[in-house]
Amino acid sequence: MSELTELYKEIAACQRCELAKGRTHTVPGEGPENAEIMFIGEAPGFHEDRQGRPFVGAAGKFLDELLASIGLTREDVYIGNVIKCRPPGNRDPLADEMAACKPFLDKQIELIQPKLIVTLGRFSMARYFPNTKITRIHGQPKRIGGRIYYPMFHPAAALHQPKWRSVVQEDMLKIPQILKEAEGLGEAEPLEQAAQLSLF
Ligand code: SF4
């Protein structure tokens, strides 16, 4: 059994926060264990909780369309969330829930070693771009060590507010070039050890 599969089993049994009580399934994430691109969303919604898979509702359908626009399918990338269990009524995740769940996402990144991490929405953005607003920095990649971090709006935001749709589409179209840049970098370093080198 791979380490990632073992991690999924650990997540499925997790009771570290209150969200364990209301879930139908945990949603650990899915995709190739050696994916070059990792998308990180927020938390499972109704459909994700039912199926145990990330981005399977309307926002997931839009994400599939966005991936297709750059010649990718979801089988080519890793898709996960900051939180692995559905918050009741799809409310925002709480700080203590995100803190309790953080070691799982940290471990996923350590195992998969993506060259490019795309954050979808403000909660995953805040891991790498604290104290800023997504309206200010979306579509602007940041290199930290041997990895590039790229903030985008959550696809659900574009569904709720049509004015963001073309913005999300345009930001997605930049990914192939950003990935090329990321592939030219050295080994990815743990975030804590890597100095921020540039904003470009
Ligand atoms: S949200 Fe994360 S920390 Fe909370 S119970 Fe689910 S897997 Fe565990």
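Heads up: the structure comes first, above all this text.
Cut-off values and rules
Residues numbered from 1 in each chain as written. Predicted model: local features only at pLDDT ≥ 70, side-chain atom pairs only at ≥ 80, totals over all residues. Heavy atoms only, no water. Helix = DSSP H or I, 4+ residues; strand = E, 2+ residues; numbered from the N terminus. Rg over C-alpha atoms; globule rule 2.2 N^0.38 Å. Buried < 20%, exposed > 50% of the residue type's maximum accessible area, 1.4 Å probe, protein only. Areas by Shrake-Rupley, 256 points an atom, 1.4 Å probe, with all protein chains shown as cover. Lys, Arg positive; Asp, Glu negative; His and termini not counted. Charge placed at Lys NZ, Arg CZ, Asp CG, Glu CD. Near = heavy atom within 4 Å. 1 Å grid on protein atoms, 1.4 Å probe; cavity = no way out; pocket = protein on both sides within 12 Å on 5 of 7 lines; lining within 4 Å. Sits in = over half its atoms within 2 Å of the grid points. Nonpolar A, V, L, I, M, F, W, Y, C, P; charged D, E, K, R; others polar. Points joined across faces, edges and corners; volume = space filled by probe spheres on them. Pairing = 2+ DSSP bridges. Salt bridge = Lys/Arg side-chain N within 4 Å of Asp/Glu carboxyl O.

A. Main features of the overall build of the protein chain. Along its length, the protein chain carries 10 helices and six strands. Against the 2.2 N^0.38 benchmark of 16 Å for 200 residues, the protein chain shows a C-alpha radius of gyration of 16 Å, consistent with a compact globule. Across its three principal axes, the protein chain shows a C-alpha extent of roughly 45 × 40 × 35 Å. Looking at the protein chain as a whole, 49% of its 200 residues qualify as buried. For the protein chain, the accessible area works out to roughly 9,800 Å², and carbon and sulfur atoms hold 52% of it. Looking at charge distribution, the protein chain has the averaged site of its 25 positive side-chain charges lying 5 Å from that of its 26 negative ones.

B. Structural detail: the site of the ligand. Taken together, Cys14, Arg16, Cys17, Ala20, Arg23, Ile83, Lys84, Cys85, Ala100, Cys101 and Phe104 make up all the residues around the ligand. A majority-of-atoms criterion places the ligand in the largest cavity. Ranked by the residues each element gives to the shell around the ligand, the list is headed by helix H5 (residues 95–112), at three residues. A breakdown of the residues in the shell around the ligand according to their chemical character gives eight nonpolar, no polar and three charged.

C. Expanded view of empty space enclosed by the protein. Applying the stated criterion across every chain, the model contains one cavity of 30 Å³ or more. Of the pockets and cavities examined, the largest cavity occupies roughly 100 Å³. Those elements that place two or more of their residues in the lining of the largest cavity are helix H2 (19–22) and H5. The leading source of residues in the lining of the largest cavity is H5, at three residues.

D. Summary view of the pairing of strand S2 (residues 78–81). Burial along S2 is two-sided: the face carrying Tyr78 and Gly80 and the face carrying Ile79 and Asn81 are both buried. With four bridges joining them, strand S1 (residues 37–41) and S2 adopt parallel strand pairing. Each residue of the ladder has a partner; that of Gly41, found in S2, is Asn81.

E. Quick look at the pattern of salt bridges. Enumeration over the complete set of coordinates arrives at 13 salt bridges. Between Lys107 and Glu3 there is a salt bridge; the shortest N-O distance is 4.0 Å. Pair noted here: Lys107 is in helix H5 and Glu3 is in helix H1 (residues 3–12), with a separation of 104 residues, a long-range link. Taken together, the shared-partner salt bridges connect Glu30, Arg53, Asp64 and Arg74 into one network.

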